Amino acid sequence: MTEALNVRWLSGFTGTNGACLVSRDERLFFTDFRYVEQARGQVHGFELLEVGRDMLGGMADRVGGRTGFDDAHMSVRTHARLAEKAAEEVELVAAGDLVERLRAIKDADELRAMKAAAELADRAYEHIRDRGLSGRTERSVALDVERFMEDAGAEGPSFPAIVAAAAHGARPHAEPRDVEIPRGTLVVVDMGARVDGLCSDCTRTLATGPLEDDVLEVYELVRSAQEAARNAVRAGAECRDVDAVARDLITAAGHGEHFGHGLGHGVGLAVHEDPRLTRTAEGSLEAGNTVTVEPGVYLPDRFGVRIEDLVVVTDDGCQALTAFPKELVTVD
């Protein structure tokens, strides 16, 4: 296993050159001279092996028989080099997504870190409410909330913050612009923090003054769809069925074509990971999954609305990690 987040999850190592080899009989961790001391402090439960910069050569000497490799992240070239260096009797078997499936179930320590990360984002929304939006540029607000979260204790943002006002909010992954936010519009704000490597993710759509009735109707549609879908989240629920709860409500209101992305995704060491809540998703939710619930309606050349919570799946429902209000908040 060489993918950085999978290596971190297995071993605790946060450096950039490490690999894990796990079998029934041994747990081996490989790194080079630059990271040996770091690995001694971070990696526990593994035999630490120092290899040269040729990580594959060092690993190839220790593999034998039927060996799984991470085909989800290993390039064709790297696989070919590993096969060339390994002994002739070694059979390389695709085992991608194995660690990702294990990562999808969070333990108590991971949940504590994610809760702390979500609370930092909640505080950043309060910071926006205190400082205001009208007259500030999208980019300045985005940079401001990222700095706020870092100053409050985050390792950094879990992704570049999205701040998108008026028609720009109709782009789900809009990039903040050096454009002033006007009064009397909607502003989509999507952000998250990292604590101990774990991410949070939260979206709120804020108003900068009075809005037209049809805009308020769309906001209330998305809010009610989000609440209904969140209420459908529980262990055993089919992922595609949870997506359908919000999608059917939005479609019935005439906005099906304006909700083009999936309802949600897993969050953990990566801000987008398994499980996925989409129309075509396979499988069901399990207790300990952490997923977003984020329906949206995007009207080109007018405005967008997205409301997103990060929740922990439980046996009888879910527990929200995000807490900033979802009733429409007006920020002058």
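Here's what I pulled together on the structure shown here. (Residues numbered from 1 in each chain as written. Predicted model: local features only at pLDDT ≥ 70, side-chain atom pairs only at ≥ 80, totals over all residues. Heavy atoms only, no water.)

So, on to the state of the cysteines. Tallied over the entire structure, the rule returns zero disulfides. Lacking any disulfide linkage, Cys199 is separated from the closest cysteine sulfur, that of Cys202, by 14 Å. Taking relative accessible area as the criterion, Cys202 reaches 0% and is therefore assigned buried. (Disulfide = S-S within 2.5 Å. Buried < 20%, exposed > 50% of the residue type's maximum accessible area, 1.4 Å probe, protein only.)

Considering all chains together, one arrives at three aromatic pairs under this definition. Between the NZ or CZ atom of Arg247 and the centre of the ring of Phe259, over which it lies, the distance is 4.1 Å. (Phe/Tyr/Trp six-rings, centres within 6.5 Å; stacked < 30°, edge-to-face > 60°. Lys NZ or Arg CZ within 6 Å of the ring centre and 35° of its normal.)

Pairing is mixed in the open sheet, where three strands are placed in the order β1-β2-β3. Each edge of the open sheet carries a strand with a single partner, namely β1 (18-22) and β3 (47-50). In this sheet, neighbouring strand axes are inclined to one another by 25° on average, regardless of whether the strands run parallel or antiparallel. Looking at chain direction, strand β2 (residues 27-31) and β3 are connected through four bridges and run parallel. The residue bridging Thr31 from the neighbouring strand is Glu50, located in β3. Seen against the sheet, helix α1 (residues 4-11) touches β1 and β2 and runs at an angle of roughly 60° to β1. (Pairing = 2+ DSSP bridges. Helix = DSSP H or I, 4+ residues; strand = E, 2+ residues; numbered from the N terminus. Axes fitted to C-alpha atoms, helices over the stretch in contact; angles between N-to-C directions. Contact = heavy atoms within 4.5 Å.)

Bringing the nonpolar core into the picture now. Within the largest apolar cluster, 38 residues are counted, with the highest numbers of intra-cluster contacts made by Ile128, Leu133, Val189, Met191 and Leu206. When residues of this core are traced back to their parent elements, those giving at least two are α6 (108-131), α7 (138-151), β7 (162-165), β8 (186-191), β9 (193-195), β10 (198-199), β11 (202-207) and β17 (309-314). Contacts of Met191, omitting those with residues within four sequence positions, involve Ala121, Ala124, Tyr125, Ile128, Val145, Met149, Phe159, Ala161, Ser200, Asp201 and Cys202. Ala207, Leu211, Tyr219 and Val305 belong to the second-largest nonpolar core, a separate cluster that totals 30 residues. (Core = buried A, V, L, I, M, F, W, Y, C linked by side-chain atoms within 4.5 Å.)

Time to look at the pattern of salt bridges. This structure, assessed with the given rule, holds 23 salt bridges. Across the pair Glu273 and Arg103 runs a salt bridge whose closest N-O atoms are separated by 2.8 Å. With Glu273 in strand β13 (residues 273-277) and Arg103 in helix α5 (residues 98-103), this pair connects stretches of sequence that are 170 residues apart. Each of the two residues, Glu273 as well as Arg103, counts as buried. As a salt-bridge pair, Glu294 and Arg306 come within 3.8 Å of each other at their nearest N and O atoms. Pair noted here: Glu294 is in the loop between β14 (290-293) and β15 (296-299) and Arg306 is in strand β16 (residues 303-306), with a separation of twelve residues, a long-range link. As far as burial versus exposure is concerned, Glu294 and Arg306 are alike and both buried. Salt bridges sharing partners connect three or more residues here, namely Arg204, Arg230, Asp309 and Lys326. (Salt bridge = Lys/Arg side-chain N within 4 Å of Asp/Glu carboxyl O.)

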